[in-house]
Amino acid sequence: MIRQPPSPQEEDQEFFRVQQTIHHQLEHEQLRETKSTAHNNELGKKTEEAELSRHTRDFRPAPSMIVIQCKFSAIIRQNNCTLSQPRGRGGTLNVTFDLTALEAMPDAKRALRMVNTTWLNPAKLRSLAASLSPARIEVHGMVDPSLLRWFLEAADWRTVTHFTGKGLVFDTLVLNIFNRLPLLTILDIEDNDLAVVKPSDDEHPQPFLHAAKIVQLYASKNNFAALPDNAVAGMGSLQRLELGANLLTTIHPTALTAATSLRHLLLSENRITSIAGAPFRFCPRLHTLDLSYNSITHVPSDAFQGLSLLSSLTLSFNPLRDLAADTFAGLTSAQTIELDGGLLLS
(Lines give C-alpha, C1' and ligand atoms only; values in the text may rest on other atoms or scores of the structure.)
Protein backbone atom coordinates (compact mmCIF):
# COMPACT_ATOMS: atom_id res chain seq x y z
CA MET A 1 0.00 0.00 0.00
CA ILE A 2 1.35 3.43 -0.90
CA ARG A 3 1.53 5.74 2.08
CA GLN A 4 0.23 9.24 1.62
CA PRO A 5 2.59 12.03 2.68
CA PRO A 6 1.63 13.55 6.03
CA SER A 7 0.08 16.98 6.04
CA PRO A 8 2.20 19.85 7.41
CA GLN A 9 -0.04 19.89 10.49
CA GLU A 10 0.47 16.15 11.10
CA GLU A 11 4.23 16.52 10.58
CA ASP A 12 4.40 19.36 13.11
CA GLN A 13 2.31 17.41 15.62
CA GLU A 14 4.66 14.43 15.36
CA PHE A 15 7.71 16.65 15.74
CA PHE A 16 6.36 18.31 18.86
CA ARG A 17 5.51 14.88 20.30
CA VAL A 18 9.10 13.73 19.80
CA GLN A 19 10.49 17.01 21.10
CA GLN A 20 8.35 16.79 24.24
CA THR A 21 9.59 13.24 24.91
CA ILE A 22 13.21 14.33 24.63
CA HIS A 23 12.53 17.42 26.75
CA HIS A 24 11.12 15.24 29.55
CA GLN A 25 14.14 12.95 29.29
CA LEU A 26 16.54 15.89 29.64
CA GLU A 27 14.55 17.28 32.57
CA HIS A 28 14.66 13.87 34.27
CA GLU A 29 18.43 13.65 33.83
CA GLN A 30 18.82 17.21 35.12
CA LEU A 31 16.78 16.35 38.21
CA ARG A 32 18.90 13.27 38.83
CA GLU A 33 22.05 15.36 38.47
CA THR A 34 20.72 18.01 40.87
CA LYS A 35 19.82 15.40 43.49
CA SER A 36 23.20 13.72 43.08
CA THR A 37 25.00 17.06 43.53
CA ALA A 38 23.00 17.91 46.67
CA HIS A 39 23.74 14.49 48.11
CA ASN A 40 27.47 14.88 47.46
CA ASN A 41 27.49 18.32 49.06
CA GLU A 42 25.73 16.94 52.12
CA LEU A 43 28.31 14.20 52.48
CA GLY A 44 31.08 16.70 51.87
CA LYS A 45 32.85 14.65 49.21
CA LYS A 46 32.74 13.44 45.62
CA THR A 47 34.22 10.18 44.53
CA GLU A 48 36.20 9.91 41.31
CA GLU A 49 33.60 7.49 39.96
CA ALA A 50 30.78 9.99 40.51
CA GLU A 51 32.76 12.70 38.74
CA LEU A 52 33.39 10.47 35.74
CA SER A 53 29.72 9.54 35.58
CA ARG A 54 28.57 13.17 35.69
CA HIS A 55 30.78 14.22 32.81
CA THR A 56 30.19 11.22 30.57
CA ARG A 57 26.47 10.55 31.05
CA ASP A 58 24.88 9.73 27.70
CA PHE A 59 21.61 11.58 27.10
CA ARG A 60 20.97 9.82 23.79
CA PRO A 61 18.14 7.30 23.76
CA ALA A 62 19.18 3.67 23.47
CA PRO A 63 18.87 2.04 20.03
CA SER A 64 15.55 0.39 19.32
CA MET A 65 15.27 -3.37 19.74
CA ILE A 66 14.44 -3.95 16.07
CA VAL A 67 17.57 -3.57 13.99
CA ILE A 68 18.09 -3.99 10.26
CA GLN A 69 21.78 -4.51 9.50
CA CYS A 70 22.84 -3.86 5.92
CA LYS A 71 25.94 -3.50 3.87
CA PHE A 72 25.70 -0.71 1.36
CA SER A 73 26.82 -3.09 -1.41
CA ALA A 74 23.94 -5.45 -0.48
CA ILE A 75 21.44 -2.63 -0.93
CA ILE A 76 22.86 -1.90 -4.37
CA ARG A 77 22.92 -5.55 -5.36
CA GLN A 78 19.31 -6.01 -4.20
CA ASN A 79 20.46 -8.60 -1.64
CA ASN A 80 18.71 -9.21 1.65
CA CYS A 81 19.69 -7.47 4.86
CA THR A 82 19.73 -8.99 8.34
CA LEU A 83 16.78 -8.41 10.65
CA SER A 84 17.26 -8.87 14.39
CA GLN A 85 14.58 -10.63 16.40
CA PRO A 86 11.82 -8.00 16.83
CA ARG A 87 11.33 -7.12 20.50
CA GLY A 88 9.74 -3.70 20.34
CA ARG A 89 8.20 -1.06 18.17
CA GLY A 90 10.09 1.16 15.75
CA GLY A 91 13.42 0.24 14.23
CA THR A 92 17.04 1.10 13.55
CA LEU A 93 18.58 0.85 10.10
CA ASN A 94 22.28 0.15 10.56
CA VAL A 95 24.27 0.46 7.34
CA THR A 96 27.95 -0.36 6.76
CA PHE A 97 29.44 1.58 3.85
CA ASP A 98 31.77 -1.08 2.44
CA LEU A 99 33.60 0.84 -0.29
CA THR A 100 35.98 -2.04 -1.00
CA ALA A 101 33.08 -4.29 -1.99
CA LEU A 102 31.53 -1.50 -4.06
CA GLU A 103 34.72 -0.92 -6.03
CA ALA A 104 34.73 -4.59 -7.05
CA MET A 105 31.37 -4.18 -8.79
CA PRO A 106 31.28 -3.56 -12.57
CA ASP A 107 31.61 0.13 -13.44
CA ALA A 108 31.41 1.09 -9.78
CA LYS A 109 35.06 2.04 -9.27
CA ARG A 110 35.01 4.48 -12.19
CA ALA A 111 31.65 5.88 -11.09
CA LEU A 112 32.87 6.41 -7.54
CA ARG A 113 36.02 8.11 -8.77
CA MET A 114 33.87 10.48 -10.82
CA VAL A 115 31.49 11.06 -7.88
CA ASN A 116 28.65 9.79 -10.04
CA THR A 117 25.75 8.03 -8.31
CA THR A 118 23.42 7.75 -11.31
CA TRP A 119 24.36 4.07 -11.69
CA LEU A 120 22.91 3.24 -8.26
CA ASN A 121 19.52 1.49 -8.16
CA PRO A 122 17.38 2.82 -5.29
CA ALA A 123 14.72 0.06 -5.42
CA LYS A 124 16.03 -1.96 -2.46
CA LEU A 125 16.67 1.15 -0.42
CA ARG A 126 13.15 2.46 -0.99
CA SER A 127 11.74 -0.94 -0.09
CA LEU A 128 13.69 -0.96 3.17
CA ALA A 129 12.54 2.54 4.06
CA ALA A 130 8.91 1.68 3.35
CA SER A 131 8.88 -1.65 5.21
CA LEU A 132 10.93 -0.66 8.25
CA SER A 133 9.86 2.98 8.70
CA PRO A 134 12.92 3.41 10.95
CA ALA A 135 13.08 5.84 13.81
CA ARG A 136 16.86 5.76 13.72
CA ILE A 137 19.55 5.54 11.02
CA GLU A 138 23.15 4.60 11.86
CA VAL A 139 25.90 4.63 9.24
CA HIS A 140 29.51 3.57 9.66
CA GLY A 141 32.41 2.01 7.75
CA MET A 142 33.94 4.31 5.12
CA VAL A 143 31.14 6.77 4.49
CA ASP A 144 31.69 8.67 1.25
CA PRO A 145 29.81 12.01 1.08
CA SER A 146 28.27 11.48 -2.35
CA LEU A 147 27.06 7.99 -1.42
CA LEU A 148 25.67 9.24 1.88
CA ARG A 149 23.78 12.01 0.08
CA TRP A 150 22.35 9.49 -2.40
CA PHE A 151 21.37 7.18 0.48
CA LEU A 152 19.54 9.95 2.34
CA GLU A 153 17.90 11.55 -0.70
CA ALA A 154 16.84 8.46 -2.69
CA ALA A 155 14.25 7.15 -0.22
CA ASP A 156 11.47 8.33 2.09
CA TRP A 157 12.85 8.80 5.61
CA ARG A 158 9.92 10.73 7.08
CA THR A 159 9.89 8.60 10.27
CA VAL A 160 13.55 9.10 11.23
CA THR A 161 14.18 11.18 14.35
CA HIS A 162 17.78 10.16 15.12
CA PHE A 163 20.80 10.00 12.79
CA THR A 164 24.22 8.68 13.84
CA GLY A 165 27.19 8.94 11.50
CA LYS A 166 30.54 7.25 12.16
CA GLY A 167 33.43 6.72 9.76
CA LEU A 168 32.70 9.85 7.73
CA VAL A 169 35.59 10.14 5.25
CA PHE A 170 35.17 13.87 4.63
CA ASP A 171 35.84 17.03 6.61
CA THR A 172 32.83 19.18 5.65
CA LEU A 173 29.25 18.22 6.50
CA VAL A 174 26.58 20.06 4.51
CA LEU A 175 23.42 19.89 6.61
CA ASN A 176 20.93 20.01 3.72
CA ILE A 177 21.92 16.39 3.18
CA PHE A 178 19.25 15.71 5.84
CA ASN A 179 16.39 17.49 4.06
CA ARG A 180 14.54 14.20 3.47
CA LEU A 181 14.41 13.63 7.24
CA PRO A 182 11.65 16.07 8.27
CA LEU A 183 11.42 14.80 11.87
CA LEU A 184 15.18 14.71 12.55
CA THR A 185 15.62 15.70 16.19
CA ILE A 186 18.92 14.12 17.29
CA LEU A 187 22.06 14.45 15.17
CA ASP A 188 25.08 12.46 16.35
CA ILE A 189 28.30 13.03 14.35
CA GLU A 190 30.77 12.29 17.14
CA ASP A 191 34.21 10.79 16.59
CA ASN A 192 34.91 11.73 12.97
CA ASP A 193 37.35 14.10 11.25
CA LEU A 194 34.89 16.90 10.58
CA ALA A 195 36.24 20.45 10.55
CA VAL A 196 33.27 22.35 9.08
CA VAL A 197 29.50 22.08 9.35
CA LYS A 198 27.40 24.39 7.19
CA PRO A 199 23.78 24.50 5.99
CA SER A 200 24.55 24.50 2.23
CA ASP A 201 27.33 24.90 -0.33
CA ASP A 202 27.76 25.90 -3.97
CA GLU A 203 27.07 22.39 -5.27
CA HIS A 204 23.99 21.96 -3.07
CA PRO A 205 22.64 25.50 -2.50
CA GLN A 206 19.24 24.60 -1.09
CA PRO A 207 18.82 25.62 2.59
CA PHE A 208 18.74 23.15 5.47
CA LEU A 209 14.99 22.87 6.00
CA HIS A 210 14.86 21.32 9.46
CA ALA A 211 17.35 23.29 11.58
CA ALA A 212 14.51 24.41 13.87
CA LYS A 213 13.74 20.80 14.81
CA ILE A 214 17.19 19.77 16.02
CA VAL A 215 17.05 19.25 19.80
CA GLN A 216 20.34 17.44 20.47
CA LEU A 217 23.61 17.80 18.52
CA TYR A 218 26.61 15.62 19.39
CA ALA A 219 29.82 16.67 17.64
CA SER A 220 32.61 15.82 20.09
CA LYS A 221 35.90 14.22 18.98
CA ASN A 222 36.19 16.00 15.64
CA ASN A 223 38.54 18.68 14.27
CA PHE A 224 36.49 21.86 14.74
CA ALA A 225 38.88 24.76 15.36
CA ALA A 226 36.40 27.55 16.07
CA LEU A 227 32.79 28.22 16.97
CA PRO A 228 32.06 30.88 14.34
CA ASP A 229 29.44 33.60 14.09
CA ASN A 230 25.90 32.16 14.15
CA ALA A 231 27.29 28.62 14.41
CA VAL A 232 23.89 27.05 15.16
CA ALA A 233 21.82 29.17 12.77
CA GLY A 234 18.11 28.39 12.87
CA MET A 235 18.42 25.86 15.72
CA GLY A 236 16.02 27.53 18.08
CA SER A 237 14.92 24.20 19.60
CA LEU A 238 18.46 23.02 20.39
CA GLN A 239 18.69 21.91 24.01
CA ARG A 240 21.98 19.99 24.12
CA LEU A 241 25.22 20.76 22.26
CA GLU A 242 28.37 18.70 22.80
CA LEU A 243 31.64 19.85 21.24
CA GLY A 244 34.18 18.34 23.61
CA ALA A 245 37.57 17.02 22.50
CA ASN A 246 37.86 19.18 19.40
CA LEU A 247 40.45 21.81 18.46
CA LEU A 248 38.39 24.86 19.43
CA THR A 249 40.43 27.93 20.30
CA THR A 250 37.77 30.63 20.11
CA ILE A 251 34.05 31.16 20.63
CA HIS A 252 32.70 34.00 18.50
CA PRO A 253 30.68 36.46 20.64
CA THR A 254 27.59 35.76 18.48
CA ALA A 255 28.19 32.05 17.84
CA LEU A 256 25.16 31.03 19.91
CA THR A 257 22.72 33.73 18.84
CA ALA A 258 20.07 31.19 17.81
CA ALA A 259 20.54 28.88 20.81
CA THR A 260 17.83 30.42 22.96
CA SER A 261 16.58 27.02 24.18
CA LEU A 262 20.00 25.56 24.99
CA ARG A 263 20.20 23.80 28.35
CA HIS A 264 23.46 21.84 28.21
CA LEU A 265 26.68 23.03 26.55
CA LEU A 266 29.82 20.88 26.78
CA LEU A 267 33.06 22.43 25.51
CA SER A 268 35.62 20.52 27.57
CA GLU A 269 38.97 19.23 26.29
CA ASN A 270 39.54 21.92 23.68
CA ARG A 271 42.10 24.72 23.33
CA ILE A 272 39.86 27.66 24.17
CA THR A 273 41.91 30.60 25.41
CA SER A 274 39.21 33.25 25.75
CA ILE A 275 35.50 33.58 26.47
CA ALA A 276 35.43 37.32 25.85
CA GLY A 277 32.34 39.01 24.42
CA ALA A 278 29.84 37.19 26.68
CA PRO A 279 29.14 34.44 24.10
CA PHE A 280 26.68 32.64 26.40
CA ARG A 281 24.35 35.60 26.87
CA PHE A 282 21.98 34.27 24.20
CA CYS A 283 21.35 31.10 26.23
CA PRO A 284 19.16 32.20 29.16
CA ARG A 285 17.92 28.63 29.79
CA LEU A 286 21.39 27.15 30.14
CA HIS A 287 21.64 24.72 33.07
CA THR A 288 25.02 23.07 32.47
CA LEU A 289 28.20 24.67 31.10
CA ASP A 290 31.42 22.64 30.96
CA LEU A 291 34.61 24.51 29.99
CA SER A 292 37.06 22.20 31.76
CA TYR A 293 40.43 21.17 30.32
CA ASN A 294 40.94 24.23 28.14
CA SER A 295 43.54 27.03 28.10
CA ILE A 296 41.47 29.84 29.64
CA THR A 297 43.61 32.24 31.67
CA HIS A 298 41.12 35.05 32.25
CA VAL A 299 37.37 35.09 32.81
CA PRO A 300 35.78 38.48 32.06
CA SER A 301 33.31 39.77 34.63
CA ASP A 302 30.50 39.59 32.04
CA ALA A 303 31.36 36.08 30.81
CA PHE A 304 28.26 34.51 32.37
CA GLN A 305 25.89 37.40 31.80
CA GLY A 306 22.21 36.41 31.73
CA LEU A 307 22.73 32.84 33.02
CA SER A 308 20.45 33.07 36.04
CA LEU A 309 19.27 29.46 35.55
CA LEU A 310 22.76 27.94 35.35
CA SER A 311 23.10 25.23 38.00
CA SER A 312 26.47 23.68 37.07
CA LEU A 313 29.59 25.50 35.85
CA THR A 314 32.86 23.65 35.36
CA LEU A 315 36.09 25.58 34.80
CA SER A 316 38.40 22.92 36.19
CA PHE A 317 41.89 22.40 34.78
CA ASN A 318 42.33 25.76 33.12
CA PRO A 319 45.42 27.91 33.77
CA LEU A 320 43.29 30.64 35.39
CA ARG A 321 45.29 33.65 36.56
CA ASP A 322 42.61 35.85 38.02
CA LEU A 323 38.88 36.08 38.65
CA ALA A 324 36.98 39.30 39.21
CA ALA A 325 35.05 39.46 42.46
CA ASP A 326 31.73 39.66 40.62
CA THR A 327 32.47 36.95 38.02
CA PHE A 328 29.79 34.62 39.39
CA ALA A 329 27.46 37.27 40.79
CA GLY A 330 24.66 36.64 38.29
CA LEU A 331 24.63 32.85 38.76
CA THR A 332 21.80 32.90 41.26
CA SER A 333 20.80 29.25 40.60
CA ALA A 334 24.32 27.81 40.69
CA GLN A 335 24.68 24.67 42.78
CA THR A 336 28.21 23.74 41.70
CA ILE A 337 31.05 25.91 40.42
CA GLU A 338 34.17 23.82 39.90
CA LEU A 339 37.63 25.41 39.72
CA ASP A 340 39.85 22.53 40.78
CA GLY A 341 43.09 22.10 38.87
CA GLY A 342 43.37 25.80 38.00
CA LEU A 343 46.32 28.02 38.90
CA LEU A 344 44.56 31.14 40.23
CA LEU A 345 47.82 32.99 40.76
CA SER A 346 46.15 36.19 41.87
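Engineer: Sorry, what's going on with the overall build of the chain here?
Structural biologist: The number of helices and strands found in the chain is seven helices and 18 strands. Out of the 346 residues in the chain, the part that is buried amounts to 47%. In the chain, 69% of the contacts between residues at least 6 apart in sequence involve partners at least 24 apart. Put simply, the chain shows about 16500 Å² of open surface, and 53% of that area lies on carbon and sulfur atoms.

Engineer: It is not clear to me how the nonpolar core should be interpreted in this structure. Could you clarify?
Structural biologist: Phe151, Trp157, Phe178, Phe280 and Phe304 are the most contacted members of the largest nonpolar core, which totals 78 residues. Of all elements in the fold, only strand E1 (67-71), helix H3 (72-76), strand E3 (92-97), helix H6 (123-132), strand E4 (136-141) and helix H7 (145-153) reach the threshold of two or more residues within this core. With five residues, H7 is the single largest residue contributor to this core. If we ignore the near neighbours within four places in the chain, the residues touching Phe151 are Phe72, Ile75, Leu93, Val95, Phe97, Leu125, Ile137, Val139 and Trp157.

Engineer: In this structure, what is going on with the pattern of salt bridges? I would like to understand it.
Structural biologist: Side chains bearing opposite charge may pair, as long as their charged atoms lie close to each other. Evaluated as defined, the whole model comprises five salt bridges. With a closest N to O distance of 2.8 Å, Glu138 and Arg136 form a salt bridge. Comparing Glu138 with Arg136 shows no difference in burial state: the two are buried. Asp188 is the partner of Lys166 in a salt bridge, and the nearest nitrogen-oxygen pair spans 3.9 Å. Here Lys166, found in the loop between strand E5 (162-165) and strand E6 (172-174), pairs with Asp188, found in strand E7 (residues 186-188); they are 22 residues apart in sequence, far enough to count as distant. Assessed through its relative accessible area of 27%, Lys166 is described here as partly exposed. Judged by its relative accessible area of 5%, Asp188 is buried.

Engineer: Even after reading the chapter, I still don't get the environment of Leu289, so can you show me in this structure?
Structural biologist: Tracing the sequence through the fold places Leu289 in strand E14 (residues 288-290). Placed 22 residues apart in sequence, Leu289 and Ser311 show a C-alpha to C-alpha distance of 8.6 Å. Leu289 has contacts with Leu265, Phe280, Phe304, Leu310, Ser312, Leu313 and Thr314, leaving out every residue within four places of it along the chain.

Engineer: Even after reading the chapter, I still don't get the side chain of His264, so can you show me in this structure?
Structural biologist: Along the chain, His264 falls in strand E13 (residues 264-266). Within the structure, the side chain of His264 is placed 3.1 Å from the side chain of Thr288, a separation counted as a polar contact.

Engineer: Sorry if this is basic, but what is going on with H6 here?
Structural biologist: Because the α-helix completes a turn every 3.6 residues, residues three or four places apart line up on one side. Within H6, burial applies to Lys124, Leu125, Leu128, Ala129 and Leu132. All buried residues of H6 fall inside an arc of 135° around its axis, so they share one side. On its buried face, H6 is in contact with E1, H3, E3 and H7. Positive backbone phi, approximately 45°, marks Ser133, located one or two places after H6.

Engineer: Looking at this model, I keep getting lost on the pairing of E3. Mind explaining?
Structural biologist: In summary, the side chains of a regular strand alternate between the two faces of the sheet. With five of six residues buried, E3 lies mostly within the body of the structure. Summarising the sheet, E1 and E3 pair through five bridges and their orientation is parallel. Looking at the pairing, Cys70 lines up with Val95 of E3. Of the pairings in the sheet, the one linking E3 to E4 comprises six bridges and is parallel in character.

Rules used throughout
Residues numbered from 1 in each chain as written. Predicted model: local features only at pLDDT ≥ 70, side-chain atom pairs only at ≥ 80, totals over all residues. Heavy atoms only, no water. Helix = DSSP H or I, 4+ residues; strand = E, 2+ residues; numbered from the N terminus. Buried < 20%, exposed > 50% of the residue type's maximum accessible area, 1.4 Å probe, protein only. Contact = heavy atoms within 4.5 Å. Areas by Shrake-Rupley, 256 points an atom, 1.4 Å probe, with all protein chains shown as cover. Core = buried A, V, L, I, M, F, W, Y, C linked by side-chain atoms within 4.5 Å. Salt bridge = Lys/Arg side-chain N within 4 Å of Asp/Glu carboxyl O. Polar contact = N/O pair within 3.5 Å; in protein donor to acceptor, adjacent residues only side chain to side chain. Arc of directions from axis to C-beta. Pairing = 2+ DSSP bridges.

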